[in-house]
Amino acid sequence: SYVLSRNIIAPVQSMKNASKRIAEGHYDERVSSSGTDELSQLAASFNQMAAQLEQVETMRRRLIGDVAHELRTPLTAIKGSAEGLMDGVLPANDATYQQIHNEAERLNKLLSDLQELSRVESKAISLDIHPLDVSRLIETTLKRMQFQFDEKRVTLNLNLPHSPISVLADEDRALQILTNLLGNALQYTPPNGTVTVTIEREKSYVKFSIRDTGIGIPSEHLTHIFDRFYRVDKSRSRTHGGSGIGLTIAKHLVEAHGGKIWAESAGENKGSVFIFTLPIG
Ligand code: ADP
């Protein structure tokens, strides 16, 4: 009975205690899992589960911290302007009201982006997948964006394959991905620059590349820019109203279609290229 108790009852008891501690929120709890018998394997799986729970909890905490931080910036600006008006430091004129309105607008945009992010992250979006003609898709996107490009004097070029090509995708979501990437390309490219959209067929995928001659992305940031709230230059993108969520949403949408998305850049002021793939239709 001593052997039975030491080899079986003690490890089971220790797992029972550990699961109780985890249920109470102590996600760093682990059990000893040395050995190769079934109980040790169970202990190893238990530890793996605990590690995953701990990671989810860390991400949840970080998300709340990030969201609070993001909300604070426009709110502080609104509060500052209101106080300035009350103290008479800021003139009660159109410019001041416009500034308050812009910050409120930024809050609004941030909240809609967060809502959209939560929908895509929880996979709560339903995709209406059909074969879509790529040139029509690009045409619709360009129709939406050409005016903004003309206004900033950024040239928009297009390289389509000679023969018609289609993708299997949800039309609205495909347009959303393209609009997002073209919007970024425009935002981060100074006037007189160029943005080139290239469509190529590659095995069972269609590859969309959006290349710009803009500010580029230093290599150490390339892998992070798809993380939520990540901005290369925080102050610069914030003044443009960027929330750092657009690329995260685009990545989820591309992956929901079974595609991949990534970015390449030779470095600062050397332009960037954003590439994504969608299954051929
Ligand atoms: P934002 O709303 O800040 O643009 P995104 O998620 O769309 O958020 O992009 C995240 C960050 O990636 C941006 O803040 C910017 O630093 C960088 N980025 C995105 N697209 C480009 C681009 N075409 N050229 C240079 N940097 C870019």
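For the structure, see preceding data.
Residues numbered from 1 in each chain as written. Predicted model: local features only at pLDDT ≥ 70, side-chain atom pairs only at ≥ 80, totals over all residues. Heavy atoms only, no water.

Participant: Sorry if this is basic, but what is going on with the pairing of strand β5 (residues 205-212) here?
Facilitator: Regular strands have side chains that alternate between both faces of the sheet. Of all eight residues that make up β5, six are buried, and the element is covered over most of its length. Across eight bridges, the pairing between strand β4 (residues 194-202) and β5 is antiparallel. In the sheet register, Val-197 faces β5, and the bridge partner there is Ile-210. Here β4 folds back onto β5 in antiparallel fashion, the turn holding two residues, of which Lys-203 has a positive phi close to 50°. Where β5 lies against strand β7 (residues 272-279), eight bridges are found, and the strand directions are antiparallel. When the sheet's bridge partners are listed, Ile-210 is paired in β7 with Phe-274. (Buried < 20%, exposed > 50% of the residue type's maximum accessible area, 1.4 Å probe, protein only. Helix = DSSP H or I, 4+ residues; strand = E, 2+ residues; numbered from the N terminus. Pairing = 2+ DSSP bridges.)

Participant: It is not clear to me how a nonpolar patch on the surface should be interpreted in this structure. Could you clarify?
Facilitator: On the surface, Leu-4, Ile-8, Ile-9 and Val-12 cluster together into a nonpolar patch covering about 340 Å² of accessible area. Relative to the helices and strands, Ile-8 resides in helix α1 (residues 2-23). (Patch = residues over 30% accessible without salt bridge, like charges linked within 9 Å, V, L, I, M, F, W, Y side chains within 5 Å. Areas by Shrake-Rupley, 256 points an atom, 1.4 Å probe, with all protein chains shown as cover. Salt bridge = Lys/Arg side-chain N within 4 Å of Asp/Glu carboxyl O.)

Participant: Sorry, what's going on with the packing of aromatic side chains here?
Facilitator: Aromatic rings considered in pairs are described by the distance between their centres and by the relative angle of their planes. Following the criterion strictly, the structure yields two aromatic pairs and no others. Ring geometry for Phe-226 versus Phe-274: centroids 6.2 Å apart, planes at 65°, classification edge-to-face. You can see Phe-226 sitting in the loop between α6 (219-222) and α7 (234-239) and its partner Phe-274 sitting in strand β7, a full 48 residues away along the chain. For the pair Phe-226 and Phe-274, one class covers both residues: buried. (Phe/Tyr/Trp six-rings, centres within 6.5 Å; stacked < 30°, edge-to-face > 60°.)

Participant: Just to check I follow, could you spell out the environment of Leu-168 for this structure?
Facilitator: Looking at the secondary structure, you find Leu-168 in strand β3 (residues 166-170). Leu-168 gets classed as partly exposed once you look at its relative accessible area, which sits at 32%. The spatial distance from the C-alpha of Leu-168 to the C-alpha of Ala-77 is 44 Å, given a sequence separation of 91 residues. The contact partners of Leu-168, leaving out residues within four places of it in the chain, are Ile-129, His-130, Pro-131, His-257, Pro-279, Ile-280 and Gly-281. (Contact = heavy atoms within 4.5 Å.)

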